[in-house]
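Breakdown of the fold
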Amino acid sequence: MSAGAVSAGLARPGTPPARAGRRAAIPAGVLPVLTAVLLATALALVFFWVRDEADQGFVQRIFYIHVPLGIVALGGYMAGAGMAIAHLRTGEREWDLRSYVTIHLSLILSLGVLVSGSIWARASWGHWWVWNEPMLVSFLIVFLLYCCYQPLRFAIDDPERQARYASVFAVTAGAFVPLNFAAVRLAQSYTHPRVLTATGGNLPGDMRLTFLVCLAAVVSLYTTLWRLEIRAKRLRIRAARLRRRLNAEEVA
Amino acid sequence: MAVPLHEAVRYVAGAYAVVFVLVVLYTTLITRRIGRVERDVQAMEERLGR
């Protein structure tokens, strides 16, 4: 339903054509291979190289998937806001498509963050969830906020209004993400670990390297999945246009 | 205090498995959708005589 509604909106006559023909900065085959290599390297480092953390032991290795997912998800929400601004400024539907896909992927990553975080919380604190921890609750609020994005989109039939309202939502919600994060950081008491700080973090060398490789792997994975979904959406737009042409010819 | 290793392995494996399943599920759904739509596009283009 979601792809259809987005595709229908983008396939209306007079809509600027999608940039499907533009040559990509990274050739299509390179990114999946790079992603696979980075993921394999990251997993090897996490499970066979990096030392156990002194306090939490082996269970701390959840950090290397949980935090990169969180960083990329939140970055994706803000990138989606930037693309939504581009859509509102230029009126090009391609930007709306990109914003939609970016936010959609960030939602999926956010689900991974919440579940992996819950597992880590259970192992570390003995509870699946702690309601008085600002970092957890604020991330949940951001996730629930963006869960409203798709229902809002598809409640609007008119494709132009749909795209415009979705962009306004994406910009507003995207502005909320860094404000929320800053407010949580200023909170006095916290249970959630603060490993990465403004002073550069307090990770030893091997942990820092492992973290950076994991972060690169998640960024690469996100980009690969983003390109895959964009390709799927553009194909549906093309299919919708061809279907309209066929219908017009049949009527004629 | 550190969780015993046999328990910790389960938690860590569980966390990574959840993310793995999410990614594989998503990739599978998208890839199947691409395949289906590509076939539809090809059929329509043939009908249009391109």
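Preceding this section is the structure that the text describes.
Presented here is a report on the structure given in the accompanying data block. (Residues numbered from 1 in each chain as written. Chains lettered and ligands numbered in written order. Predicted model: local features only at pLDDT ≥ 70, side-chain atom pairs only at ≥ 80, totals over all residues. Heavy atoms only, no water.)

A few words on the overall build of chain B. Looking only at helices and strands, one finds one helix and zero strands in chain B. Taking 10 Å as the expected radius of gyration for a compact globule of 50 residues, we find that chain B reaches 21 Å, considerably beyond that expectation. With the principal axes as the frame, chain B shows a C-alpha extent of 70 × 15 × 10 Å. Total accessible area on chain B is roughly 3400 Å²; 61% of this is exposed by carbon and sulfur atoms. One way to put it: in chain B the 7 positive side-chain charges average out to a point 4 Å from where the 5 negative ones average out. (Helix = DSSP H or I, 4+ residues; strand = E, 2+ residues; numbered from the N terminus. Rg over C-alpha atoms; globule rule 2.2 N^0.38 Å. Areas by Shrake-Rupley, 256 points an atom, 1.4 Å probe, with all protein chains shown as cover. Lys, Arg positive; Asp, Glu negative; His and termini not counted. Charge placed at Lys NZ, Arg CZ, Asp CG, Glu CD.)

Now for the interface of chain A and chain B. Taken together, the contact between chain A and chain B spans 41 residues of the former and 30 residues of the latter. The largest contributions to the chain A side of the interface with chain B come from Phe58, Leu242 and Leu246 of chain A, which together make up 17% of the buried area. Linking chain A to chain B there are three salt bridges. Close ionic contact of Arg47 of chain B with Glu250 of chain A constitutes a salt bridge, the shortest N to O distance being 2.6 Å. Ranked by residues supplied to the side of chain A that touches chain B, first place goes to helix α8 (residues 205–251) of chain A with 17 residues. The class makeup of the residues in the side of chain A that touches chain B is 24 nonpolar, five polar and 12 charged. (Contact = heavy atoms within 4.5 Å. Buried area = accessible area lost by both parts, 1.4 Å probe. Salt bridge = Lys/Arg side-chain N within 4 Å of Asp/Glu carboxyl O. Nonpolar A, V, L, I, M, F, W, Y, C, P; charged D, E, K, R; others polar.)

As a further point, take helix α3 (residues 63–90) of chain A. Between its first and last C-alpha, α3 of chain A extends 40 Å over 28 residues, near the 40 Å set by a 1.5 Å rise per residue. Positioned one or two residues after α3 of chain A, Gly91 of chain A has a phi angle of 80°, which is positive. (Expected span 1.5 Å × (residues − 1).)

Attention now goes to empty space enclosed by the protein. Following the criterion strictly, the structure yields two cavities of 30 Å³ or more and no others. Taken as a whole, the largest cavity holds about 80 Å³ of empty space. As for the largest cavity, its lining consists of Leu69, Ile108, Leu109, Gly112, Leu221 and Leu225 of chain A together with Val19, Leu22, Val23 and Tyr26 of chain B. Put simply, the parts of the chain that give the lining of the largest cavity at least two residues each are α4 (93–125) and α8 of chain A together with α1 (5–48) of chain B. For the lining of the largest cavity, the element with the most residues is α1 of chain B, which contributes four residues. Split into classes, the residues belonging to the lining of the largest cavity amount to nine nonpolar, one polar and no charged. (1 Å grid on protein atoms, 1.4 Å probe; cavity = no way out; pocket = protein on both sides within 12 Å on 5 of 7 lines; lining within 4 Å. Points joined across faces, edges and corners; volume = space filled by probe spheres on them.)

A few words now on the pattern of salt bridges. Residues and elements named next belong to chain A. Applying the stated rule across the entire model yields 10 salt bridges over all chains. Two residues, Arg61 and Asp52, come together in a salt bridge whose shortest N-O distance is 2.3 Å. The exposure class assigned to Arg61 is buried, which follows from its relative accessible area of 5%. Among the residues examined, Asp52 registers a relative accessible area of 38% and is labelled partly exposed. Put simply, Glu94, Arg98 and Arg234 are held in one network by salt bridges that share partners. (Buried < 20%, exposed > 50% of the residue type's maximum accessible area, 1.4 Å probe, protein only.)

This paragraph deals with the state of the cysteines. All names here are of chain A. Tallying each qualifying case throughout the model produces zero disulfides over all chains. With no disulfide of its own, Cys148 lies closest to Cys147 among cysteine sulfurs, the gap being 7.0 Å. Cys148 gets classed as partly exposed once you look at its relative accessible area, which sits at 42%. (Disulfide = S-S within 2.5 Å.)

Taken together, Phe20, Val21, Val24, Leu25 and Leu29 of chain B make up a surface patch of nonpolar side chains, about 500 Å² in accessible area. With respect to the helices, strands and loops of the structure, Leu29 of chain B is situated in helix α1. (Patch = residues over 30% accessible without salt bridge, like charges linked within 9 Å, V, L, I, M, F, W, Y side chains within 5 Å.)

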